[in-house]
Number of protein chains: 2
Amino acid sequence: MENSYKNILEKFKKLLKKNELKFTKQREEILEAIYNSKSHISSEELYHSLQNPKIGIATVYRTLSLLESENFVTTFINSGVKQYELTKEHHDHIICNKCGKIEEFLNPEIEMLQEKIASSFGFKITDHSLQMFGICKECQKDNL
Amino acid sequence: MENSYKNILEKFKKLLKKNELKFTKQREEILEAIYNSKSHISSEELYHSLQNPKIGIATVYRTLSLLESENFVTTFINSGVKQYELTKEHHDHIICNKCGKIEEFLNPEIEMLQEKIASSFGFKITDHSLQMFGICKECQKDNL
DNA sequence: GTTCTCTTTGAAAATAGATGTCAATTTAAA
DNA sequence: TTTAAATTGACATCTATTTTCAAAGAGAAC
Ligand SMILES: [Mn+2]
Ligand SMILES: [Mn+2]
Ligand SMILES: [Zn+2]
Ligand SMILES: [Zn+2]
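Residues numbered from 1 in each chain as written. Chains lettered and ligands numbered in written order. Predicted model: local features only at pLDDT ≥ 70, side-chain atom pairs only at ≥ 80, totals over all residues. Heavy atoms only, no water.

Enquirer: Help me understand the pairing of strand β4 (residues 92–96) of chain A in this model?
Expert: Remark: a regular strand shows side chains that alternate across the two faces of the sheet. All names here are of chain A. Taken across its five residues, β4 has five buried, putting it largely inside the fold. Burial of the side chains of β4 extends over both faces: Asp92, Ile94 and Cys96 are buried on one face and His93 and Ile95 on the other. Sheet analysis places β4 next to strand β5 (residues 102–105), joined by four bridges and oriented antiparallel. The residue of β5 that forms the bridge with Asp92 is Phe105. Between β4 and β5, which pair antiparallel and follow one another directly, the connecting turn spans five residues, one of which, Gly100, has a positive phi of 85°. (Buried < 20%, exposed > 50% of the residue type's maximum accessible area, 1.4 Å probe, protein only. Helix = DSSP H or I, 4+ residues; strand = E, 2+ residues; numbered from the N terminus. Pairing = 2+ DSSP bridges.)

Enquirer: Can you walk me through the coordination of the zinc ion (ligand 4) in this structure?
Expert: A four-donor tetrahedral metal ideally has 109.5 degree angles, and a six-donor octahedral metal ideally has angles of 90 or 180 degrees. All names here are of chain B. With distances of 2.2 to 2.4 Å, the protein atoms coordinating the zinc ion (ligand 4) are Cys96 (SG), Cys99 (SG), Cys136 (SG) and Cys139 (SG). If you look at the zinc ion (ligand 4), its four donor atoms make angles of 100 to 114° with each other, and the shape they trace is tetrahedral. In the primary sequence, the donor residues of the zinc ion (ligand 4) line up as C-x2-C-x36-C-x2-C. Pair noted here: Cys96 is in strand β3 (residues 92–96) and Cys136 is in the loop between β5 (124–135) and α6 (137–142), with a separation of 40 residues, a long-range link. The residues Cys96 and Cys136 share a single accessibility class, namely buried. (Donors = N, O, S within 2.8 Å, 3.2 Å for Na, K, Ca; no water. Tetrahedral: all angles 85-135°; square planar, octahedral: opposite > 155°, others 65-115°.)

Enquirer: What am I meant to see in the coordination of the manganese ion (ligand 1) here?
Expert: Residue and element names in this part refer to chain A. For the manganese ion (ligand 1), the protein coordination sphere consists of His40 (NE2), Glu85 (OE), Glu85 (OE), His91 (NE2), His93 (NE2) and Glu104 (OE), at 2.0 to 2.6 Å. In this structure, the manganese ion (ligand 1) is coordinated by six donor atoms arranged in irregular fashion, with angles at the metal of 54 to 169°. Sequence positions of the donors to the manganese ion (ligand 1) reduce to the motif H-x44-E-x5-H-x1-H-x10-E. Here His40, found in the loop between α2 (25–37) and β1 (41–42), pairs with Glu85, found in strand β3 (residues 81–86); they are 45 residues apart in sequence, far enough to count as distant. Considered together, His40 and Glu85 belong to a single accessibility category, that of buried residues.

What follows is the structure in C-alpha cells.
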C-alpha cells in the first residue's frame, strides 16, 4: 500500500466509517494539509496552512485528536508544542536548538535496551519518547 | 559532601551570593519544600506544599527557574507538566500510566549510542530527554 | 430529491501552566 | 539606622488547548 494521497484519503474515510463519523470538507482539508506538510507540523502551523480560512482552530484540534487516537498520526512534544506527522515506522528525533531542524533516526539497539530496562523493573512498556537536542552541522559553522 | 538539608542550604546560599541575589524566607521555604519532596514534584504541587500560604505562585516559578538555570534542580516534562528534582547524576525515567510511579535508570550503553547517532548526523548534542511509559508491576496485578 | 435526525462546525469563552507588571515590602551594605 | 536596590504577591497576560452551544451540514430513510 503506497502512501499516495488517494490511499491516505481512503484509509481516512474507512476510519470515519468505522467510528460512525461523517466525512466533511473540513476533515478532508485538514488531512490534506497534514499530508502536504510532508514533515512535522504543529496544530497552529497546520491551521494557518489551510486554504479555507473559515475552518476554526477547534476543528483542527478535534480532527488531529481523532487522528492521533486512531494512530493515523503520531506526535511528539518539542518545547511544549505538539508536533504531528503521518504515522509511519516508529522512530525518534534529533532537534537543532538553533534552526529547529529535525532529523529522524531509529536505533534497534536502543529500542532493545529499553525493553530490557523496562522488564528489569517489571514494567510493561506501552510507549516511549526520546529526543536529542543540540546544534546541527550547518548551525555549527554559522556560529563563528 | 553529603546531601543533608544543611549542606543543600549552604550551597543555595553560595549560589545566591555568587549571583548577587538576596536570601529570603520565601526562597528558603521553596528550597526546603523541594528538598522534603524527596522525589519529583511539579511547581503546582510544590506551591501547595508550602507552610506559609502567603507565598505567591509567581515566586515559586521564579525560584524554580533560578534553581534550574543554576543546575541546582533538574527537570523533565511529564504530560505537559514540568517535574523538578534536586540535581544528582544524570538519569532517565520510566513512568507508570496507571499510578504515576516514576522509576529512575541510567544506561551507559544507551547514552553512548546516543552520542554515536548524534555524531553520525554531525550534531553536537547538548541534552536529551528519554522517558518510557507503561504499567508498573503492581498496577499489572490490580487490573484483573 | 426531500425530509429529518444526529453530527459537526465556528466563534467565543474557559482552562491550565507559566510568565510579565508594578506598587509595596524587605534585604543587606554602608 | 538609613537607604538603594532587589524581591515579593496580586493580578494581568500569554500560549496551547479544550469546552460550550447555537447554527449549519451530512447522510440514511423515505
Ligand atoms: Mn518524525
Ligand atoms: Mn529523577
Ligand atoms: Zn541547525
Ligand atoms: Zn503503577
